[in-house]
Each structure stands twice: as C-alpha cells, then as structure tokens.
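Close look at the chain arrangement
The primary structure of each chain is shown beneath.
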Amino acid sequence: MYDNDYFTLMVSIMTSSRFLTGITTTGTPHLGNYVGAIRPAIASSQNSNDEAFYFLADLHALIKCQDPEKVRQSGKEIAATWLALGLDVSKAVFYRQSDVPEISELCWILTCVAAKGLMNRAHAYKASVDANHVANEDTDYGITMGLYSYPILMAADILMFNATHVPVGKDQIQHIEMARDIAGRFNHIYGETFTLPQAVVDDSASVLQGLDGRKMSKSYNNTIPLFLPEKKLKKHINKIKTNLLEPGEPKDADSSTVFQLYTAFATADQTASMRKEFENGIAWGESKKQLFELINDQVRPFREQYEELLLDTETIEKTLQLGAEKARDESVPMINTIKKATGIGRFHA
Ligand code: TRP
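Counting from 1, residues in each chain are numbered in the order their sequence is written. Per-residue local features of the predicted model are confined to residues with pLDDT of at least 70, and side-chain atom pairs are confined, for both listing and counting, to 80 or more; whole-chain, interface and lining totals are unaffected and use all residues. With hydrogens and water excluded, all non-hydrogen atoms of the structure serve as input to the side-chain values.

Attention now moves to the side chain of Arg18. For Arg18, the location among the structural elements is in strand β1 (residues 18–24). With relative accessibility at 9%, the residue Arg18 sits in the buried group. Counting of polar contacts relies on pairs of N or O atoms within 3.5 Å, with two restrictions inside protein: one atom must be capable of donating a hydrogen and the other of accepting it, and residues adjacent in sequence are counted only when both atoms are side-chain atoms. Among the polar contacts listed, one links the side chain of Arg18 to the side chain of Glu51, at a separation of 2.9 Å. Helix and strand labels come from DSSP, where a helix needs a run of H or I of at least four residues and a strand needs a run of E of at least two; each type is numbered from the N terminus. Residue burial is assigned from relative accessible area. The probe radius is 1.4 Å, only protein chains are included, and a residue is buried under 20% of its type maximum, exposed over 50%, and partly exposed in between.

Attention now goes to the pairing of β1. Side-chain positions along a regular strand alternate between the two faces of the sheet. By the criterion of burial, β1 is predominantly enclosed, with six of the seven residues buried. The pairing of β1 with strand β2 (residues 51–57) spans seven bridges and is parallel. Bridging across to β2, Arg18 finds its partner in Glu51. Assessed by its sense of winding, the connection that carries the chain from β1 through helix α2 (residues 31–47) to β2 is right-handed. Any two strands between which DSSP finds at least two bridges are classified as paired. By the criterion used throughout, a crossover qualifies as right-handed when its path from the first strand across the helix to the second strand runs clockwise, the strands pointing away from the viewer.

With that settled, the discussion passes to the site of the ligand. We call a residue near a molecule or strand when any one of its heavy atoms sits within 4 Å of it. In the vicinity of the ligand, 14 residues are found, and the nearest of them are Gly22, His60, Tyr150, Asp157 and Gln172. Contact between the ligand and Tyr150: a nitrogen atom at 2.6 Å from a side-chain N or O atom of the residue. Burial of the ligand by the surrounding chains reaches 89%, relative to a free accessible area of 370 Å². The accessible surface values rely on the Shrake-Rupley method and a 1.4 Å probe; as for residues, cover is taken only from the protein chains in view.

We now examine a positive patch on the surface. Surface patches are defined over residues having more than 30% relative accessible area and no salt bridge, joining like charges when they lie within 9 Å and nonpolar side chains (Val, Leu, Ile, Met, Phe, Trp, Tyr) when within 5 Å. A carboxyl oxygen of Asp or Glu within 4 Å of a side-chain nitrogen of Lys or Arg is what we treat as a salt bridge. Charge assignment in this entry is limited to Lys and Arg as positive and Asp and Glu as negative, and neither His nor the chain termini are counted. To locate a charge, the coordinates of NZ of Lys, CZ of Arg, CG of Asp or CD of Glu are taken. A contiguous patch of positive charge, built from Lys231, Lys232, Lys235 and Lys239, is present on the exposed surface. Along the chain, Lys232 falls in helix α10 (residues 230–238).

Residue placement: Thr223 occurs in the loop between β5 (198–200) and α10. When the C-alpha atoms of Thr223 and Ala155 are compared, they prove to be 29 Å apart, with 68 residues separating the residues in sequence.

On to the domain arrangement of the protein chain. Boundaries of every domain are those given by an automatic assignment or by a domain database. The domains assigned to the protein chain are domain 1 (4–207 + 312–342) and domain 2 (218–308). Here the C-alpha centroids of domain 1 and domain 2 sit 32 Å apart. Each partner contributes residues to the interface: domain 1 has 17 residues there, and domain 2 has 15 residues. Throughout, the accessible surface (probe 1.4 Å) given up by two parts as they are put together, summed over both, is called the buried area. For the pair domain 1 and domain 2, the summed buried surface comes to about 1,400 Å²; carbon and sulfur atoms form 68% of the total. Residue contacts are counted whenever heavy atoms from the two residues lie within 4.5 Å of one another.

A pair of Phe, Tyr and Trp rings is counted when the ring centres sit within 6.5 Å of each other, with Trp represented by its six-membered ring. The angle between the planes then sorts it: under 30 degrees is stacked, over 60 is edge-to-face, the rest tilted. Throughout the structure, instances matching the rule amount to 13 aromatic pairs. For the pair Tyr125 and Tyr148, a centre-to-centre distance of 4.7 Å together with 75° between the ring planes defines the contact as edge-to-face. Of this pair, Tyr125 sits in helix α7 (residues 123–134) while Tyr148 sits in helix α8 (residues 145–159), and the two are 23 residues apart along the sequence. Of the two residues, Tyr125 and Tyr148, neither departs from the other in class, the shared state being buried. What links up through ring pairs into an aromatic cluster is the set Phe53, Phe55, Tyr95 and Phe161.

Now for the nonpolar core. Trp82, Phe94 and Ile224 are the most contacted members of the largest nonpolar core, which totals 51 residues. Of all the secondary-structure elements, those providing two or more residues to this core are α2, β2, α4 (68–84), α10, α11 (257–265), α12 (268–279), α13 (284–311) and α14 (313–342). Here this core gets eight residues from one element, more than from any other, and that element is α13. Ignoring anything within four residues of it in the chain, the contact list for Ile224 reads His30, Leu31, Leu211, Met216, Leu233, His236, Ile237, Ile240 and Leu261. Each nonpolar core is a collection of buried residues, namely Ala, Val, Leu, Ile, Met, Phe, Trp, Tyr and Cys, held together in the definition by side-chain atoms within 4.5 Å. Core analysis: the next-biggest nonpolar cluster, separate from the first, contains 46 residues, Leu110, Ala122, Leu147 and Tyr148 among them.

Here is the structure:
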C-alpha cells in the first residue's frame, strides 16, 4: 500500500504537465475573453514551471468564417493582444496552427480512426441540425464537413503535442472527451502513441456579462472589446443595461452587470466599498464612471503596446515563426512516429 502511494507520488512529480489551448481567430478579443481565458493563461505562463502551448486556431476559423479579411484581422488582433499583455514567449510556445502542417496530416490519420457515430453526437453539429429542423430545412443544410469534423481537428491539435491539460470553457469539454476517445482508439489499434488529455475548466474564472446582461459573447453581439480607444471604451460602458432606479435609491449589486464587471477587475477592498456604494444608492452614471476608470487604468499600459504591434505585423510574424519552429521541433518527429505506427510514409529514415 505504502509502496504504491509512493510510486504514484514519484510519477506525478516526474511527469510535468503540459498545458495547451487554441484560440479561434474569429472576432476581436473582448473583456470576457480577457478575464476568462487570456489573463489566467498569461499569469500561469509567467509563474509556473508547467509547459504551455498556445496557438491561433486559424484552421478552425475557416469553419465559422469565410471572409478572408476578417480571419486575417482577427489573427492579428489576437496575437497582438497576447503579446501586448506580456505572454512570455521564451517559456510558452506561441504559434499559428496552419504553420504546423503536421497537425493537418494528423487530422486525416485521426479521421480514419474516429467513429462517425461519435461525430454525430458533437454539440456544435447537433445544434446546426436542430436549427435546420426548426427552420424546416434539409437536415444537412449549410453544414460543411469542416463543422462535422471539427472535433477531429481539435483532437489533432492536442494529441500532436501529447498535451496533458487543456484549459477550455465548459462548452468545449465534450471535444476533449472526444480527443481522449480518438486517442484511445488509435492506441488500441496501433500501440501506445498518444497521451490522453484532460480538460481543465476553471469554475472560479468568472464568466462576464455583456452589455445586455447575458454572457459576454461575440455571438450575442454584446461585447466590450478589450483594447478600445479610451473614448469608445467609455461609450461602451455607458451602454451597459441598468434599471430605472434613481440616484439615492439602494441598488442590488449582485444582479447588476456594472457591479459584476467591476468585481472582475477590482481588489477585494474595492469590491467591498463599491458594494456599499450600491447600498447607499450610487447613481448609475457614477457607477459606470468608476467602472470605466478602473478598467481603463488597467488596460492603458498595454493599449499602446497593442496599437504599436498591430501596426508592426512583422514583429508579430517573427514571433509566430519562432513559435512554429519550436512547435515543429516536436510535431515533425511525432508525425513520423505516427506514420510509422500506421504503416505509411518512408521505408527508410
Ligand atoms: N475549439 C476551441 C474553441 O472554440 C478552440 C480550439 C481549437 C482549441 N483547437 C483547440 C482549444 C485545442 C483547446 C485545444 O474555443
């Protein structure tokens, strides 16, 4: 018994964790992305000894968006955001998915072991089918093979680098389970090749509310972009939905979007005193002014860097190419191992 515990302990110490996550390049990074994903990822890249792989999922972008200019612009904005906020690229491997062609190769190989029945159950695909039924359309209307196979490409992203931990939102947990399933099938057929990844869902990471009080999300068109110029940031914050309570009337902090956003950026002390101000009937205009100042003070030091980077895409590109090189140091030998396991590829090294 004791020996067994000791063994487990040693194994967990000796095997380090490898975190990997992708950001689909559609849309402009907003406060919700920042608080829920970017801020914790950058903090962990600066603090921990775990390995981190972060990439622009541009192949995934093609599933959702067929406007080349939008896809390109979003890639620039997302890369500039992560770099401006201080992602340490000497520690984290930061790359563009399409710069690592082995991922696409692996995607096909995995497509040949992934069960079609498994893909039938994917939420994103099922939601489209359901929407078609509701609209009285053909089941397959508007559904591409890209959407259908989306989880296989995601499995390739993860398994390519034998990631152990995949930080994702709740909506992506199913995809990580599919990646495990696909990895397990491959290992069963061809021998131990892939590590089975696990999803990391940070329940404490707040899901921010958007302008209308629903979850802040590009699909609801209710976001506050992270690096808006000051005046526009103020304008957006002024658009946050509130109720009709007058100045002086006590307000419920917990049901207020203004307060929720404030909390995501404030210290515990600041939050406590804002709660008091709500009880004391702070005017909505005043609460929004304070929210603007709080966010603006935190964003300002990075905004300039962000704007400079956006104008200097050469620097971004160089960084991404260095990242791709590091990624390919792993993916090239790995794809060779995988090909060999399946009986394809070169006869001799
Ligand atoms: N599908 C993910 C999303 O929309 C993005 C993504 C692509 C991803 N590949 C990944 C996340 C691999 C984690 C691991 O959020």
